[in-house]
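# Structural overview
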Amino acid sequence: MKRRSIYVFLATTLAILVPSPGRFIYGIVLVLELNLLMLVGTASVSLIKKIKMEEMMTVCVIMFLLATTILFRQIFIIFQPEIILTLGFIIFLIPVSLFMMGYIFSDSEKKLPERLRRNMIHSLTYSVFALLYFLLRDLIGFGTFTFFGKNHQIFEKVIIDSDKLGVGSILASIPGSLILSAILLYVYIFVRNKIDIYHKAEVSL
C-alpha cells in the first residue's frame, strides 16, 4: 500500500470518524455523503477542464462540493433531522478533507471514466473501513445496532445490556475510537499488502 494512501486514510479517520458519534446510522450517512461528493468532485474537475477554467479549478470544485453538501444536508434534514443535527459541522468536514482533495485533483489529465473508476474504488474501499468502524463501536461500545427508523426516528436495537458491556464500553469514548481506528487501519494495511504481493506474484509468472 502506498505511503500516501496511509496518510490520507489516517488523516481522514482522525478528522471525521473519531469525532463522530459512534453509531452505525451516522456512519451510513457520512459514507453516503463521501461517495456522492467523490462522484460530483471527480465529474466537476473534468467539466471545469472542458470549459477551460483551469485557473479557477480549486475554487470551483470546492464550491461544487459545498453546494452538494448543503443540498445533501437539506434533503436529509427533511427525513432524518435528528441525525443531521447530531452530526453538526462534521457534515462539512468531508468536502474539504484531505481524502477528497487528495484524489479528485490527481491524474486530472486522464479521461473521466478512468478517473471515476479509480476514485470511486478508493471511496468505496474507505467506506467499507468506515462502516466496519461505526458498526463495531455501535455493537461493542454501546451494545446496540442503529438504523433508519419510521417517522423520522432512529431505529435502535439493544444487542448487549449496558451493564454487560464491560471493557467493550471503552469504544464509545474518544480514546477507544482511536484504538479501534488504529487496529482497523493495521488490518487494512496488512490485507492490502497481501493483495499487492499476490498480484505481483501473478504478474511475474
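As a starting point, this report considers the structure included with it.

Cut-off values and rules
Residues numbered from 1 in each chain as written. Predicted model: local features only at pLDDT ≥ 70, side-chain atom pairs only at ≥ 80, totals over all residues. Heavy atoms only, no water. Core = buried A, V, L, I, M, F, W, Y, C linked by side-chain atoms within 4.5 Å. Buried < 20%, exposed > 50% of the residue type's maximum accessible area, 1.4 Å probe, protein only. Helix = DSSP H or I, 4+ residues; strand = E, 2+ residues; numbered from the N terminus. Contact = heavy atoms within 4.5 Å. Phe/Tyr/Trp six-rings, centres within 6.5 Å; stacked < 30°, edge-to-face > 60°. Lys NZ or Arg CZ within 6 Å of the ring centre and 35° of its normal. Expected span 1.5 Å × (residues − 1). Salt bridge = Lys/Arg side-chain N within 4 Å of Asp/Glu carboxyl O.

## Considering the nonpolar core
If you look at the biggest cluster of nonpolar residues, it comprises 45 residues, and the most contacted ones within it are Leu 17, Val 29, Leu 30, Phe 99, Met 100 and Tyr 126. If one sorts the elements of this core by residue count, helix 2 (residues 24-50) sits on top with 12 residues. Apart from residues no more than four positions distant in its own chain, Met 100 is found in contact with Leu 34, Leu 37, Met 38, Leu 65, Ile 94 and Pro 95.

## Looking at the packing of aromatic side chains
Going through the model one piece at a time under the given rule, you end up with 13 aromatic pairs. Members of the aromatic cluster, joined through ring pairs, are Phe 9, Phe 99, Tyr 103, Tyr 126, Phe 129 and Tyr 188. For Arg 23, the ring lying beneath its charged end belongs to Phe 142, and the centroid distance is 4.0 Å.

## A short note on the side chain of Thr 69
As for its placement among the helices and strands, Thr 69 is situated in helix 3 (residues 57-79). On the basis of relative accessible area, Thr 69 is assigned to the buried category, the value being 0%.

## Some words on helix 6 (residues 112-142)
Between its first and last C-alpha, helix 6 extends 42 Å over 31 residues, near the 45 Å set by a 1.5 Å rise per residue. One or two steps after helix 6, the chain reaches Gly 143, where phi turns positive at roughly 75 degrees.

## Details of unusual backbone geometry
A positive phi is found at Asn 151, a non-glycine position, where the angle reads about 55 degrees. Topologically, Asn 151 is positioned in the loop between strand 1 (144-148) and strand 2 (154-158). At His 152, a position not held by glycine, the phi torsion is positive, near 65 degrees. Inspection of the secondary structure assignment puts His 152 in the loop between strand 1 and strand 2.

## Let's talk about the pattern of salt bridges
Tallying each qualifying case throughout the model produces two salt bridges. Here Arg 23 and Glu 156 are joined by a salt bridge, their closest N and O atoms 2.8 Å apart. With a gap of 133 residues between them, Arg 23 in the loop between helix 1 (3-17) and helix 2 and Glu 156 in strand 2 connect regions that are remote in the sequence. Of the charged contacts in the structure, one is a salt bridge between Glu 114 and Lys 110, with a shortest N-O distance of 3.8 Å. Take Glu 114: its relative accessible area is 40%, and that puts it in the partly exposed class. The exposure class assigned to Lys 110 is partly exposed, which follows from its relative accessible area of 32%.

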